[in-house]
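So you can see what is in the structure, the chains are spelled out below.
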Amino acid sequence: MAQISSQDPSKQKDVFGLTPAEQYWRDHYDWLLQSGYELRPRYRPDWVPSWQGTARPAYWCEDGRSYALPQIMDAVRTSDGEMVMLKQVPRSVHPHEVPIGRYFSSKPRTSDPRNHCFPLYDVLQDPKDGDLQIIVMPLLRRYNDPRFETVGEAVEFFRQVFEGLHFMHEHHVAHRDCQTLNIMMDPRSMFPEMYHPVATDKKRDFSTPAKSYTRTQRPTRYLITDFGLSRQYDENETNPLEVPILGADRSVPEFQEDEETPRNPFPTDVYYVGNMIREDFLKKYSNLEFMYPLIASMVRKEPEARPAMSQVAADFRDVVAKLSKWQLRSRLVMRQDDKLTNLLKGAYHFAYRTIPYLIRRLPPMPTPQAPQ
């Protein structure tokens with residue numbers, strides 16, 4: 001796509017024009033605006049590509065970018081200018097997503113700092129399709145973008161994820177797909193001016209790179225999203241059984257045996273989170289060995305041998321209590337780096353991260369303030 005230039009305008013139009021999925025959002029632009037949500041210029045009914053008649057490649061233009069996933073779209077809430085995300089939710093396919101989202105976005109649960117479920121701002125009913133709802137949530141960012149820099153930043157992430165899933169389980173909700181893609185972060189502290197929702201390294205107007213801070217400089221909050229496969233059970237149902245629904249992580253040991261035997265989804269949740277940390281952190285960084293025993297217990301082959309999330313949270317607190325402040329302030333060491341690379345990265349980290357953080361007395365575990 002980068003090779004397509006203004007000298008071939010027909011190809012630019014074909015490649016960068018609206019896809020059939022995007023046409024849904026264009027056709028609903030006026031209705032969404034009346035509902036209080038304004039889409040980007042690309043989705044206005046009278047949109048004319050900004051690169052048209054210029055020598056600028058479409059990919060370099062703000063309105064030349066689109067989502068790979070057809071069911072999501074960004075917007076601005078007209079009442080206060082907050083950037084939000086819209087998501088199509090068919091009732092017939094995901095009947096529990098909206099009720100569970102509303103449950104965790106209602107008082108008294110919203111007042112509990114352990115609640116790391118994404119805030120559900122609004123639910124819109126498609127005016128032409130009775131089965132289709134549009135949920136409105138904050139514009140979130142992948143939890144690992146930008147990358148983690150210190151051990152303390154990773155440990156704080158683990159704490160919030162364990163706390164959030166424990167909270168869901170306390171309310172008898174099994175997530176059933178709690179993996180990398182469904183754990184996001186609230187970017188507003190690290191990106192005070194926000195960024196373009198598709199080209200997330202650029203400002204909203206595409207003028208310059210987006211300004212950002214580290215997690216230690218501006219602690220962020222991590223959120224669990226996507227309740228499409230989730231289920232809530234009666235508090236007296238101590239061993240709920242469900243036929244497995246395969247999420248993004250297909251490595252669950254009990255699902256390898258067969259995919260038809262009903263199983264308790266809560267131990268599977270424990271596996272999902274443990275395996276996410278194993279794959280995204282323990283296999284990537286060499287100085288998180290203190291997490292090995294806990295994660296090993298969470299990914300045991302036998303579901304009944306895994307600890308409940310209440311025990312995971314308690315064991316994790318014991319692990320963290322044994323870590324020194326210097327250990328938490330140390331940089332995450334990538335397994336792929338050689339000795340020279342580690343030496344250079346270590347010197348840079350000490351000079352430009354550790355010393356400034358110490359001078360400013362920033363905590364080694366960057367815990368954000370609880371939402372009001």
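Being a predicted model, the structure only gives us computed values, none of them experimental. (Residues numbered from 1 in each chain as written. Predicted model: local features only at pLDDT ≥ 70, side-chain atom pairs only at ≥ 80, totals over all residues. Heavy atoms only, no water.)

Every regular strand shows the same layout, with side chains that alternate between the two sheet faces. A two-sided burial pattern is seen for strand β8 (residues 183-186), the buried positions comprising I183 and M185 on one face and M184 and D186 on the other. Here strand β6 (residues 141-142) runs beside β8; their pairing, made up of two bridges, is antiparallel. Within the sheet, the bridge partner assigned to R142 lies in β8 and is M184. When β8 meets strand β9 (residues 221-224), the two strands line up antiparallel, connected through four bridges. Directly across from M184, in β9, lies its bridge partner L223. (Buried < 20%, exposed > 50% of the residue type's maximum accessible area, 1.4 Å probe, protein only. Helix = DSSP H or I, 4+ residues; strand = E, 2+ residues; numbered from the N terminus. Pairing = 2+ DSSP bridges.)

The next subject is the packing of helix α5 (residues 151-170) against helix α9 (residues 309-321). In the contact formed by α5 and α9, the axes pass within 9 Å of each other and the chain directions differ by 155°. With respect to α9, the element α5 is oriented roughly antiparallel. Every pair of crossing elements has a handedness; the one defined by α5 and α9 is left-handed. Each of V155, F158, R159, F162, L165, H166 and H169 in α5 lies in contact with α9, whose residues at this interface are M309, S310, V312, A313, F316 and V320. Residues that form the contact of α5 with α9 fall into these classes: nine nonpolar, three polar and one charged. (Axes fitted to C-alpha atoms, helices over the stretch in contact; angles between N-to-C directions. Parallel < 35°, antiparallel > 145°, perpendicular 65-115°, else oblique. Left-handed = near helix turned anticlockwise from the far one by under 90°. Contact = heavy atoms within 4.5 Å. Nonpolar A, V, L, I, M, F, W, Y, C, P; charged D, E, K, R; others polar.)

As for its position among the elements, D177 is in the loop between β7 (173-174) and β8. Buried within the structure, D177 lacks any salt-bridge partner; R250 is the closest side chain of opposite charge, at an N-O distance of 7.5 Å. Ignoring anything within four residues of it in the chain, the contact list for D177 reads N182, L229, G247, A248, D269 and Y272. (Lys, Arg positive; Asp, Glu negative; His and termini not counted. Salt bridge = Lys/Arg side-chain N within 4 Å of Asp/Glu carboxyl O.)

As a further point, take the nonpolar core. Membership of the largest hydrophobic core comes to 92 residues, with the highest contact counts inside it found for F157, F158, F162, F281 and M291. Here the element with the most residues in this core is α5; it accounts for 10 residues. Those residues in contact with F281 that lie beyond four places of it in its chain are Y143, F148, A154, F157, F158, M276 and L288. (Core = buried A, V, L, I, M, F, W, Y, C linked by side-chain atoms within 4.5 Å.)

Take the sheet that holds β8 next. Spatial strand order, β6-β8-β9: three strands in an open sheet with antiparallel pairing. Two strands lie at the open edges of the sheet, namely β6 and β9, each paired on one side alone. Contacts between α5 and the sheet are confined to β8 and β9, with β9 contributing the most and set at about 35° to the helix.

Applying the stated criterion across every chain yields a total of 21 aromatic pairs. Taken together, a centroid distance of 5.9 Å and an interplanar angle of 50° make the contact between F104 and F167 tilted. Separated by 63 residues along the polypeptide, F104 in helix α4 (residues 97-104) and F167 in helix α5 bring together distant segments of the chain. Take F104: its relative accessible area is 1%, and that puts it in the buried class. Relative to F157, the ring of Y143 lies with its centre 4.4 Å away and its plane at 10°, an arrangement referred to as stacked. Taken as a pair, Y143 in the loop between β6 and α5 and F157 in helix α5 lie far apart in primary sequence, 14 residues in all. Here the two residues Y143 and F157 agree in accessibility, since each one is buried. What links up through ring pairs into an aromatic cluster is the set Y143, F148, F157, F158, Y222, F281 and Y285. A cation over an aromatic ring shows up here: R65 above the ring of Y59, its NZ or CZ 3.7 Å from the ring centre. Looking at R215, its charged tip hangs above the ring of F148, at a distance of 3.9 Å from the centre. (Phe/Tyr/Trp six-rings, centres within 6.5 Å; stacked < 30°, edge-to-face > 60°. Lys NZ or Arg CZ within 6 Å of the ring centre and 35° of its normal.)

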